[in-house]
Amino acid sequence: MKFIRFLLLTFAIIVFSFALKPEREYKAIPSDYGIIYREVEFLTVDSLKLKGWFIPAQDTIGILNSVIGHIMPVPDELKPKARQYEADTAKKPTIIICGGDAGNMTQFIFYAYHFFTKGYNVFLFDWRGFGMSAGWNTEQDRLCYAEYIVDYDAAIDFLKKQPEVDTTRIGVMGFSTGAYLSFAIIAKRNDISAYAGRALMSSFDELLPVLQKSLPERNFMAPENYPEELLPINAAEKIQIPVFLIVGEKDNRTPVWMSE
């Protein structure tokens, strides 16, 4: 239960674009704040190389606690000397914070901080076409690509091989696009222990009219070949693990009724 309680931390505000706007450059990396981490690479089943950051559980000593979450990029004069990575032999629960439809994993360092300083490993990774992951041709008005589920599977498979990870306690969390992709993952796999998602849609058929009404100047498109059985509205009854949904009462893009 302790693992579940920490996974259900309140989310801070984050902006969603409802369009694919990947950023290739990392405006900040964990070591800019004094965070111990290691850069990793792993392959998808279709042979694309993806980039990730594994951040082990650690205390706040050596971290610019007053800066993290407020300054990006970190000024050179504030950056501490990179700290050496030392693996802990004790396996710990691990939380995957899933990216959304814009930016890259830099924007999730702040969220990771609230977990790795409380005894949890955190794993961040970038979809194909985001950050330093392999390139991918993206259409800006495409809500996502079904291939992101392939990326997610590869990330989890890689994570489970890491010596620091308790494979019986892996949680996933996501925002908006990351929320429904994480929901798809818990529907198709049986090795995830808990889920937290904010601004979850129900289905593309219900989401598209809402987006078109709120943003009529856009031409949003659902992903091609997205598995219908993994849409939240279809997959919900299959879920057997703890799930925590967060939605704002004034959210006009993924309104409360979708989470309900």
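As the structure is a prediction and not an experimental result, all values here were calculated from the model.

Another aspect to go through is the environment of Ala 146. Inspection of the secondary structure assignment puts Ala 146 in the loop between β6 (121–125) and α3 (147–159). Judged by its relative accessible area of 15%, Ala 146 is buried. A C-alpha to C-alpha distance of 19 Å links Ala 146 and Ala 236, two positions 90 residues apart in sequence. The contact partners of Ala 146, leaving out residues within four places of it in the chain, are Pro 223, Glu 224, Asn 225 and Tyr 226.

Right, let's talk about the side chain of Thr 177 for a bit. By secondary structure assignment, the location of Thr 177 is in helix α4 (residues 177–188). Look at Thr 177 and you get buried, because its relative accessible area is 3%.

As a further point, take the sheet that holds strand β4 (residues 92–98). The 7 strands are arranged β2-β3-β6-β4-β7-β8-β9 in an open sheet whose pairing can be described as mixed. Looking at the sheet topology across the chains shown, the edges are occupied by β2 (38–43) and β9 (243–246). Going from strand to strand, the sheet's axes swing by 20° on average, the running direction of each strand aside. As paired elements, β4 and strand β7 (residues 165–175) share 6 bridges and run parallel to each other. Of the residues in β7, the one forming a bridge with Thr 94 is Ile 170. Each of β4, β7, β8 (194–198) and β9 is contacted by α4, which is oriented at about 145° to β7, the strand it contacts most.

Another aspect to go through is the packing of α3 against α4. The axes of two packed helices give the description: the angle between them and the distance between them. Where α3 meets α4, the axes come as close as 10 Å, and the angle between the chain directions of the two elements is 60°. The crossing of α3 and α4 is right-handed. Side by side, α3 and α4 meet where Tyr 148, Ile 149, Tyr 152, Asp 153 and Ile 156 of the first sit next to Leu 181, Ser 182, Ala 184, Ile 185 and Lys 188 of the second. Class assignment for the residues of the contact of α3 with α4 results in 7 nonpolar, 1 polar and 2 charged.

Analysis parameters
Residues numbered from 1 in each chain as written. Predicted model: local features only at pLDDT ≥ 70, side-chain atom pairs only at ≥ 80, totals over all residues. Heavy atoms only, no water. Helix = DSSP H or I, 4+ residues; strand = E, 2+ residues; numbered from the N terminus. Buried < 20%, exposed > 50% of the residue type's maximum accessible area, 1.4 Å probe, protein only. Contact = heavy atoms within 4.5 Å. Pairing = 2+ DSSP bridges. Axes fitted to C-alpha atoms, helices over the stretch in contact; angles between N-to-C directions. Left-handed = near helix turned anticlockwise from the far one by under 90°. Nonpolar A, V, L, I, M, F, W, Y, C, P; charged D, E, K, R; others polar.

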